[in-house]
Amino acid sequence: MSGRRVTILVTSGVVAVLAAVFAVLRWDDADKIASAVSALAGVAAVGIGVWAGLAAGGSDSVRPRPAVLRVSGTGRAVAGPGGRANTGVVAQGGSLPSEVRVEDSGEADASGGGDADTGARLE
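Residues numbered from 1 in each chain as written. Predicted model: local features only at pLDDT ≥ 70, side-chain atom pairs only at ≥ 80, totals over all residues. Heavy atoms only, no water.

**Description of the overall build of the protein**
Counting its secondary structure elements, the protein contains 2 helices and 8 strands. Tracing the protein from N to C terminus, the helices and strands come up as α-α-β-β-β-β-β-β-β-β. Taking all 123 residues of the protein together, 15% fall into the buried category. Across the protein, contacts joining residues at least 24 apart in sequence account for 68% of those joining residues at least 6 apart. Counting only carbon and sulfur atoms, one obtains 58% of the accessible surface of the protein, whose full area is about 8,100 Å². (Helix = DSSP H or I, 4+ residues; strand = E, 2+ residues; numbered from the N terminus. Buried < 20%, exposed > 50% of the residue type's maximum accessible area, 1.4 Å probe, protein only. Contact = heavy atoms within 4.5 Å. Areas by Shrake-Rupley, 256 points an atom, 1.4 Å probe, with all protein chains shown as cover.)

What follows is the structure, given as structure tokens:
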């Protein structure tokens with residue numbers, strides 16, 4: 001289980017326990033209810049902050065490049081005027097795997113004035 005999921009589950013559990021404790025206690029003053037709401041919101045805010053921080057820079061957001069990218073048996077693609085049709089792979093600089101294989105790619109049609117290819121477009 002990822003760190004993000006553990007964080008959100010623990011935070012939810014703490015909020016639920018605090019809500020149950022506050023519900024069992026009987027208050028006569030609105031001040032106590034306001035304190036309970038503030039405590040629940042504070043715990044939830046801290047948990048969500050940690051959860052969001054893990055999403056931004058944690059291991060969940062870092063994905064290794066694949067060693068080999070394989071594409072096969074793709075369908076037909078048609079490019080309209082100024083458009084692009086690709087039935088293989090389009091990849092950009094930082095996302096390039098070490099090896100790209102395109103087999104049995106479909107037909108790419110650029111007769112409408114666009115740009116088409118059926119293999120790999122590595123930019």
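After that view, the rundown keeps rolling.
**Concerning the side chain of T7**
Along the polypeptide, T7 turns up in helix α1 (residues 3-24). The exposure class of T7 is buried, given its relative accessible area of 15%. Non-local contacts of T7, meaning those with residues more than four positions away in its chain, are made with G47, V50, W51 and L54.

**Topic: the environment of V89**
Here V89 lies in strand β4 (residues 89-91). On the basis of relative accessible area, V89 is assigned to the buried category, the value being 6%. Between the C-alpha atoms of V89 and S105, which are 16 residues apart in sequence, the distance is 9.7 Å. Contacts of V89, omitting those with residues within four sequence positions, involve L69, V71, V100, V102, G119, A120 and R121.

**Considerations on the side chain of D117**
Examined against the element boundaries, D117 turns out to sit in strand β7 (residues 115-117). A polar contact is formed between the side chain of D117 and the side chain of N86, at a distance of 2.5 Å. With residues up to four places along the chain from it excluded, the contact list for D117 reads A85, N86, T87 and A108. (Polar contact = N/O pair within 3.5 Å; in protein donor to acceptor, adjacent residues only side chain to side chain.)

**Here we look at the environment of R4**
Mapping R4 onto the fold places it in helix α1. Between the C-alpha atom of R4 and that of A52, which follows or precedes it by 48 residues, the distance is 7.9 Å.

**Here we look at unusual backbone geometry**
Unlike most non-glycine residues, D104 shows phi in positive territory, near 50°. Mapped onto the elements of the fold, D104 is located in the loop between β5 (99-103) and β6 (108-109). Overall, the relative accessible area of 65% leaves D104 in the exposed class.

**A few points about the environment of L54**
In this fold, L54 is placed in helix α2 (residues 30-57). On a C-alpha basis, the gap between L54 and T7 in space is 9.1 Å, while along the polypeptide they are 47 residues apart. If near-sequence neighbours (up to four positions away) are discounted, L54 is found in contact with G3, R4 and T7.

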